[in-house]
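Each chain, letter by letter, is given below.
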Amino acid sequence: MSNDNFFERVYIIAKQIPYGKVTSYGAIAKALGTARSARMVGWAMNASHAKDDIPAHRVVNRNGLLTGKFHFDGTSLMQQLLESEGILVVDNQIVDFEKHFWTPDVMEY
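Report follows, based on the coordinates. Bear in mind that the values here come from a model prediction, so they are computed numbers and not experimental data.

Below, the discussion takes up the nonpolar core. V10, V41, M45, L82 and I94 are the most contacted members of the largest nonpolar core, which totals 30 residues. Elements with a contribution of two residues or more to this core: α1 (3-14), α2 (25-31), α3 (38-47), β2 (59-60) and α4 (77-84). Among the elements that take part in this core, α1 stands out by supplying 6 residues, more than any other. Among residues more than four places away in sequence, those in contact with M45 are V10, A14, Y25, I54, A56 and V59.

Right, dumping it as structure tokens:
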């Protein structure tokens, strides 16, 4: 599978993350049937910043840490975007991660 196809599949899931919710790189990988590819999901999210329709700020690591924040313009933009959706972030971590976590459906092909 090419990276382009994989990235597009990641973006299909990312676009489904509801407002005020987050998911993890690993949860997206699992939904794609590639549970061990969380790092590639991260690469896809890093490559998505030119696409205005991908809510990359809603994808965090498995512990709710804003590990992708340095890929946003300004180091606090990711936090600001999440907080504008009602998600409290302290020390680069989502405070009530379980409350805000969204599990994507497994994609069918």
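Still to come is the rest of the account.
Turning to empty space enclosed by the protein, a few remarks are in order. Counting across every chain of the model gives 1 cavity of 30 Å³ or more. Estimated volume of the largest cavity: approximately 50 Å³. Among the residues forming the lining of the largest cavity, the class breakdown is 6 nonpolar, 3 polar and no charged.

Taken as a whole and judged by the stated rule, the model has 2 aromatic pairs. When the centroid spacing of 5.3 Å and the interplanar angle of 70° are considered together, the rings of F97 and F101 count as edge-to-face. Relative accessible area serves as the criterion here: at 15%, F97 is assigned to the buried category.

Right, let's talk about a nonpolar patch on the surface for a bit. Among the surface-exposed residues, L88, V90 and V95 lie close enough to one another that they form a single nonpolar patch of about 260 Å² accessible area. As for its position among the elements, V95 is in the loop between β4 (93-94) and α5 (97-100). Taking the relative accessible area as the measure of exposure, V95 reaches 49% and is therefore partly exposed.

Two side chains of opposite charge can pair, provided their charged atoms sit close to one another. Taken as a whole and judged by the stated rule, the model has 3 salt bridges. The shortest N-O distance in the salt bridge between K51 and E8 comes to 3.8 Å. With a gap of 43 residues between them, K51 in the loop between α3 and β2 and E8 in helix α1 connect regions that are remote in the sequence. For K51, a relative accessible area of 33% translates into the label partly exposed.

A few words on the layout of surface pockets. Considered as a void within the structure, the largest pocket measures approximately 240 Å³ in volume. Where the lining of the largest pocket is concerned, the elements lending two or more residues are α2 and α3. No other element matches α3, which puts 5 residues into the lining of the largest pocket. Of the residues in the lining of the largest pocket, the class split is 3 nonpolar, 8 polar and 2 charged. Estimated volume of the second largest pocket: approximately 170 Å³. Surrounding the second largest pocket, 13 residues form its lining, S48, H49, K51, I54 and F72 being those nearest its centre. Class assignment of the residues belonging to the lining of the second largest pocket gives a composition of 6 nonpolar, 4 polar and 3 charged.

Turning next to the environment of D105. Positionally, D105 belongs in the segment after α5. By relative accessible area, which is 60% here, D105 ends up exposed.

Conventions and cut-offs
- Residues numbered from 1 in each chain as written.
- Predicted model: local features only at pLDDT ≥ 70, side-chain atom pairs only at ≥ 80, totals over all residues.
- Heavy atoms only, no water.
- Core = buried A, V, L, I, M, F, W, Y, C linked by side-chain atoms within 4.5 Å.
- Buried < 20%, exposed > 50% of the residue type's maximum accessible area, 1.4 Å probe, protein only.
- Helix = DSSP H or I, 4+ residues; strand = E, 2+ residues; numbered from the N terminus.
- Contact = heavy atoms within 4.5 Å.
- 1 Å grid on protein atoms, 1.4 Å probe; cavity = no way out; pocket = protein on both sides within 12 Å on 5 of 7 lines; lining within 4 Å.
- Points joined across faces, edges and corners; volume = space filled by probe spheres on them.
- Nonpolar A, V, L, I, M, F, W, Y, C, P; charged D, E, K, R; others polar.
- Phe/Tyr/Trp six-rings, centres within 6.5 Å; stacked < 30°, edge-to-face > 60°.
- Patch = residues over 30% accessible without salt bridge, like charges linked within 9 Å, V, L, I, M, F, W, Y side chains within 5 Å.
- Areas by Shrake-Rupley, 256 points an atom, 1.4 Å probe, with all protein chains shown as cover.
- Salt bridge = Lys/Arg side-chain N within 4 Å of Asp/Glu carboxyl O.

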